[in-house]
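Letter by letter, the chains look like this.
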Amino acid sequence: MNSIYDYLIVGSGLFGSTYAHFARKQGKRCLVIDKRSHLGGNLYCEDVEGIHVHKYGAHIFHTNSKRVWDFVNSLVEFNRYTNSPVANYQGKLYNLPFNMNTFYQMWGVHTPAEAQSKLEEQRAEAITKMKAEGVDVPRNLEEQALALIGKDIYERLIKGYTEKQWGRKCTELPAFIIKRLPVRLVFDNNYFNDSYQGIPVGGYNKLIEALLDGVETMTDVDFFACEHTYDNLSGVHHIKNSTFDVQCKQLIFTGKIDEYFNYSLGKLDYRTVRFEQETLEMPNYQGNAVVNYTEAVIPYTRIIEHKHFEYGTQDKTVITREYPADWKRGDEPYYPINDERNNAMFAKYQEEAATNDKVIFCGRLADYKYYDMHVVIERALNVVEEELRQ
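On a predicted model such as this, the values are computed, not experimentally measured, just so you know.

**Some details on the overall build of the chain**
Step number 1: For the chain, the helix and strand inventory stands at 10 helices and 18 strands.
Step number 2: The C-alpha radius of gyration of the chain comes to 23 Å, within 12% of the 21 Å expected for a compact globule of 390 residues.
Step number 3: Within the chain, the proportion of its 390 residues that are buried is 53%.
Step number 4: For the chain, the share of sequence-separated contacts (at least 6 apart) that also reach a separation of at least 24 residues comes to 70%.
Step number 5: Charge separation in the chain, taken as the distance between the mean sites of 45 positive and 54 negative side-chain charges, equals 2 Å.

If you want it as C-alpha cells, here you go:
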C-alpha cells in the first residue's frame, strides 16, 4: 500500500472512529489503523451464544445532549436500557445509586424525612469525630465519604469496593476522588441523571461499523512497530512496515501520550482490569446486568451479565467478573490515576505535544482522562471542526 491520506488515525476506538466519520463527511480521505485484530477499541463486542459480550467492560451510553443522542441514533437504533445496578454486601442486596430504596434496605425507613434524619445523624457523627481530632477538612477519601454519606453506607457500599478499585486503603486515597455522593430522596434506581440512555441494538460493533462506513481501515498494525518519518519540506508523514507503506498530511494519535514520546518524561500510572468470562448453562444468572460486590474479601468488584443489556432471551448466559489491578506494560490501561504526581507529569507531556503541530493528540489515553462516551463524541466533533477550519 502506497497512498497519501489526509489523515492517518492511530486507534479505532470511539474518538478515532468518530473523527474519521466527520472528516470523511467533509471529503477527507482517512485511514484508521489499530494494533488489535478488530475495530472499535474498548467498545468491541464479541458474539458468544448469540449474546453481545462487552469484551473490555460494560459500556452504557448516556447523555444530556440531544445533538449527540440524535447523531448516534441516526447511525444505529438504541434500545431503552436503563442502568440500575445492584450492590451485594454479605449476601444482602442494595439498590444503587443511593435512593429511598437503598435507605429502606439499609435502615428500614419509609419516608424521605426519616432517611434525611438518618443521613444527617451519621454525617454529624463523622464531622464531630473529625473535629475532635483537630481536623476541619477531610484528609483522605474515608473522611470525605463519612462526612458526605455517613458510616453505614460507607462501610457497606463504598469502602471495600473503592479499595479494590484503586488497590489502596481509603485512608491512603485523596479526598478529591469523591467530590460528592449524590443522594436521592425518591424511589428511583436509574443510575444516571441524563435525559437519554441506552445500548445500540445489535451491540456496539454496529455503531463502530456505521461510524467507519466508507473509511479505509487496517487491523493488526502496531504503530510503534512501524518506521515513522516526517518530511518538513513536503509536510507529509511517512509510516511503513513490512506489509504497508503509507503517507499522510496529518497524524491523529489516540494512544498513550507517554508511549508516543517513548516515556521520556516518565510513565503515567493507570489501573487495569482483568476479565474472567464464563458461559453458563442457564438462561439467567443474576437477574441484572450489573451487580457490584462491595466486600473487600471478594476479589472482584462486579459481575456483568451481558444479555440483560439487550433484554436477551437466549437459553444460555455469559457473565464476566472484573478484577482491578495496577497497570504494568503489556496490560490494557483503563483508568488514569489523576493524582498530583501523574497530573504534573501529564502536563509536561502536554507541553511537549503542543510543540508538535504535525500530530493531533486526542482521546481517552492521549488526554490522560476518563471520558464518558458522549464526551468523546463531542470532543471528536469539536477537534475535527477546528482542524478543518484551518
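Structure shown, so let's carry the discussion forward.
**As for the pairing of strand β7 (residues 92-95)**
Step number 1: Looking at chain direction, strand β6 (residues 86-89) and β7 are connected through 4 bridges and run antiparallel. Bridge pairing in β7 links Tyr-89 to Lys-92.
Step number 2: Hairpin connection from β6 to β7: 2 residues lie between these consecutive antiparallel strands, with Gln-90 at a positive phi of about 55°.

**Here's the deal with helix α4 (residues 112-132)**
Step number 1: Taking 1.5 Å per residue as the helical rise, α4 with its 21 residues ought to reach 30 Å, and the 30 Å between its terminal C-alpha atoms agrees with that figure.
Step number 2: Every buried residue of α4 is listed here: Ala-115, Leu-119, Gln-122, Ala-126 and Met-130. Across the axial projection of α4, the buried residues extend over an arc of 85°, all falling on one side. Those residues of α4 that are exposed and angled more than 90 degrees off the buried face are Ala-113, Thr-128, Lys-131 and Ala-132.
Step number 3: Turning to α4, the residues buried within the fold contact α3 (100-107), α5 (141-149) and α6 (151-166).
Step number 4: Residue Gly-134 follows α4 closely and has a positive phi angle near 75°.

**So, the sheet that holds strand β13 (residues 270-280)**
Step number 1: Sheet architecture is open: 7 strands sit in the order β7-β6-β14-β15-β16-β13-β17, paired in mixed fashion. If you trace the sheet from one side to the other, it starts and ends with β7 and β17 (335-336), each paired once.
Step number 2: The sheet contact formed by strand β14 (residues 290-293) and strand β15 (residues 302-305) spans 3 bridges and is antiparallel. Of the residues in β15, the one forming a bridge with Val-291 is Ile-303.

**Observations regarding the pattern of salt bridges**
Step number 1: Tallying each qualifying case throughout the model produces 24 salt bridges.
Step number 2: Here Asp-258 and Lys-256 are joined by a salt bridge, their closest N and O atoms 3.0 Å apart.
Step number 3: Residue Lys-256 is classed as buried on the basis of its relative accessible area, which comes to 6%.
Step number 4: The residue Asp-326 makes a salt bridge to Arg-271 at a minimum N-O spacing of 2.7 Å. Placement of Asp-326 in strand β16 (residues 317-326) and of Arg-271 in strand β13 is noted, with a sequence separation of 55 residues between them.
Step number 5: Residue class for Arg-271 comes out buried when judged on its relative accessible area of 3%.
Step number 6: A network of salt bridges, in which partner residues are shared, links Lys-129, Glu-133, Arg-139 and Glu-143.

**Here we look at the pairing of strand β2 (residues 30-33)**
Step number 1: Taking every second residue as pointing to the same face, both faces of β2 are buried, with Cys-30 and Val-32 on one and Leu-31 and Ile-33 on the other.
Step number 2: Pairing of β2 with strand β9 (residues 216-218), which is carried by 3 bridges, proceeds in the parallel orientation. From the neighbouring strand, Val-32 faces β9, where its bridge partner is Thr-217.

**Points about the packing of aromatic side chains**
Step number 1: Following the criterion strictly, the structure yields 27 aromatic pairs and no others.
Step number 2: With 5.7 Å between their ring centres and 35° between their planes, Tyr-335 and Tyr-370 make a pair best called tilted. Here the residue Tyr-335 occupies a position in strand β17, and Tyr-370 occupies one in the loop between β18 (359-361) and α10 (373-389), the gap between them amounting to 35 residues.
Step number 3: Classification of Tyr-335 by relative accessible area gives partly exposed; the value is 23%.
Step number 4: These aromatic residues form a ring-pair network of at least three members: Phe-223, Phe-224, Phe-253, Tyr-260, Phe-261, Tyr-349 and Phe-361.
Step number 5: Above the face of the Tyr-56 ring, Arg-36 is positioned so that its terminal group lies 3.9 Å from the ring centre.
Step number 6: In this structure, Arg-321 packs its charged tip against the face of Tyr-300, placed 5.9 Å from the ring centre.

**A closer look at the environment of Tyr-81**
Step number 1: Tracing the backbone shows Tyr-81 in the loop between α2 (66-75) and β6.
Step number 2: Classification of Tyr-81 as buried rests on a relative accessible area of 6%.
Step number 3: Residues Tyr-81 and Tyr-196 lie 115 residues apart in sequence; the distance between their C-alpha atoms is 10.0 Å.
Step number 4: Once residues lying within four places of it in the same chain are set aside, the contact partners of Tyr-81 are Ile-60, Gln-197, Gly-198, Ile-199, Ala-289, His-308, Phe-309 and Tyr-311.
Step number 5: Side chain to side chain, Tyr-81 and Asn-83 meet in a polar contact 3.5 Å long.

**A closer look at unusual backbone geometry**
Step number 1: Across the junction of Leu-96 and Pro-97, the peptide omega takes the value -5°, indicating a cis bond.
Step number 2: Relative to the helices and strands, Pro-97 is located in the loop between β7 and α3.
Step number 3: Backbone geometry places Asp-220, a non-glycine residue, at a positive phi of 60°.
Step number 4: Note on placement: Asp-220 falls in the loop between β9 and β10 (227-231).

**Here we look at the nonpolar core**
Step number 1: Of all hydrophobic cores here, the largest spans 58 residues; its most connected members are Ile-33, Phe-98, Phe-103, Ile-153 and Phe-361.
Step number 2: The element contributing the most residues to this core is α6, with 5 residues.
Step number 3: Sequence-distant contacts of Phe-98, defined by excluding residues within four places in its chain, comprise Phe-103, Ile-149, Ile-153, Leu-157, Ile-158, Leu-181, Pro-182, Val-183 and Arg-184.
Step number 4: Residues Tyr-19, Val-76, Phe-309 and Ile-377 belong to the second largest nonpolar core, which totals 45 residues.

Rules behind the numbers
- Residues numbered from 1 in each chain as written.
- Predicted model: local features only at pLDDT ≥ 70, side-chain atom pairs only at ≥ 80, totals over all residues.
- Heavy atoms only, no water.
- Helix = DSSP H or I, 4+ residues; strand = E, 2+ residues; numbered from the N terminus.
- Rg over C-alpha atoms; globule rule 2.2 N^0.38 Å.
- Buried < 20%, exposed > 50% of the residue type's maximum accessible area, 1.4 Å probe, protein only.
- Contact = heavy atoms within 4.5 Å.
- Lys, Arg positive; Asp, Glu negative; His and termini not counted.
- Charge placed at Lys NZ, Arg CZ, Asp CG, Glu CD.
- Pairing = 2+ DSSP bridges.
- Expected span 1.5 Å × (residues − 1).
- Arc of directions from axis to C-beta.
- Salt bridge = Lys/Arg side-chain N within 4 Å of Asp/Glu carboxyl O.
- Phe/Tyr/Trp six-rings, centres within 6.5 Å; stacked < 30°, edge-to-face > 60°.
- Lys NZ or Arg CZ within 6 Å of the ring centre and 35° of its normal.
- Polar contact = N/O pair within 3.5 Å; in protein donor to acceptor, adjacent residues only side chain to side chain.
- Core = buried A, V, L, I, M, F, W, Y, C linked by side-chain atoms within 4.5 Å.

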